[in-house]
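Coordinate analysis (summary)
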Amino acid sequence: MLRCEICGKQADKHHIVYRCQGGVDFPLNFRYLCPEHHRGKNGPHKNRKLDLEYKIQMQKSLEKLLYKDYYNVEELVGLLQINKGMLKRLLKEYRLYKEGYKRADILYRLMGKKKYTEDMLEEYYDFIGNF
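Here's what I pulled together on the structure shown here. Every value quoted in this text rests on a predicted model; they were computed, and no experiment measured them.

A closer look at the packing of helix 2 (residues 48-65) against helix 5 (residues 103-110)
- One way to put it is that helix 2 packs onto helix 5 with a least axis distance of 11 Å and a crossing angle of 155°. When the interaxial angle is binned, helix 2 and helix 5 end up roughly antiparallel. Where helix 2 crosses over helix 5, the two elements pack in a sense that is right-handed. Residues Met-58, Leu-62 and Glu-63 of helix 2 pack against Arg-103, Leu-107 and Leu-110 of helix 5.
- Across the contact of helix 2 with helix 5, the residue classes break down as 4 nonpolar, no polar and 2 charged.

A short note on the side chain of His-15
- The topology assignment puts His-15 in strand 1 (residues 12-15).
- Residue classification places His-15 among the buried positions, given a relative accessible area of 11%.
- Here Arg-19 takes part through its side chain, which lies 3.5 Å from a polar atom of the side chain of His-15.
- In terms of polar contacts, His-15 uses its side chain to reach the side chain of Asp-25, at 2.5 Å.

Describing the packing of helix 3 (residues 73-80) against helix 4 (residues 84-91)
- Where helix 3 contacts helix 4, the axes come no closer than 10 Å and their chain directions differ by 115°. Considering only the axes of helix 3 and helix 4, their crossing is right-handed. Packed against helix 3, whose contacting residues are Val-73, Glu-74, Leu-76 and Val-77, the element helix 4 presents Lys-84, Leu-87, Lys-88 and Leu-91 at the interface.
- Split by residue class, the contact of helix 3 with helix 4 holds 5 nonpolar, no polar and 3 charged.

Criteria and thresholds
All residue numbers refer to positions counted from 1 along the written sequence of the respective chain. Local features are withheld for residues below a pLDDT of 70 in this predicted model, meaning they are given only at 70 or higher, and side-chain atom pairs are given and counted only at 80 or more; totals for whole chains, interfaces and linings count all residues. With hydrogens and water set aside, each side-chain value is computed from the structure's full complement of heavy atoms. For helices, the axis comes from a line fit to the C-alpha atoms of the stretch in contact; other axes are also lines fit to C-alpha atoms, and the angle between any two N-to-C directions lies between 0 and 180 degrees. Strands here mean DSSP runs of E at least two residues long; helices mean DSSP runs of H or I at least four residues long; both are numbered from the N terminus. Angles below 35 degrees are treated as roughly parallel, those above 145 as roughly antiparallel, those between 65 and 115 as roughly perpendicular, and all remaining angles as oblique. Crossing handedness follows the turn of the near helix against the far one: under a right angle anticlockwise gives a left-handed crossing, and clockwise gives a right-handed one. Pairs of residues are marked as contacts when any of their non-hydrogen atoms sit within 4.5 Å. Think of it as three bins: nonpolar holds Ala, Val, Leu, Ile, Met, Phe, Trp, Tyr, Cys and Pro, charged holds Asp, Glu, Lys and Arg, and polar takes everything else, Gly as well. For every residue, the accessible area obtained with a 1.4 Å probe (protein chains only) is divided by the maximum for its type, and the residue is called buried under 20%, exposed over 50%, and partly exposed between those limits. Under the rule applied, a polar contact is a pair of N or O atoms within 3.5 Å (in protein, one hydrogen donor and one hydrogen acceptor; residues adjacent in sequence only if both atoms are side-chain atoms).

Shown next, in the form of structure tokens:
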């Protein structure tokens, strides 16, 4: 049984980069959250700040894990614990160099074709401060 990372209650998988945003099933894209911490008023589905924080944390984890400039499919399958067929489908629109796929392309795709920055959190705070 899965346990909430915050309170320890029974949990569900939360996709940090939602499927509708291009997120896929692999361990770094999951947080285990109980219904309250998942879809409650302070959960990432209703709290944009928390949602951004989770995405930035995931992106930093991926950047740390993928430290080389290029990766082949076999390396990515091992590092990301992602299905080989799914990975090939995800990366089909990106150029495969003789050295492998570019790190930047891999990160961009796994983050739902978006790059998250700390500035986004600052903009969020600035936006909220105007109300």
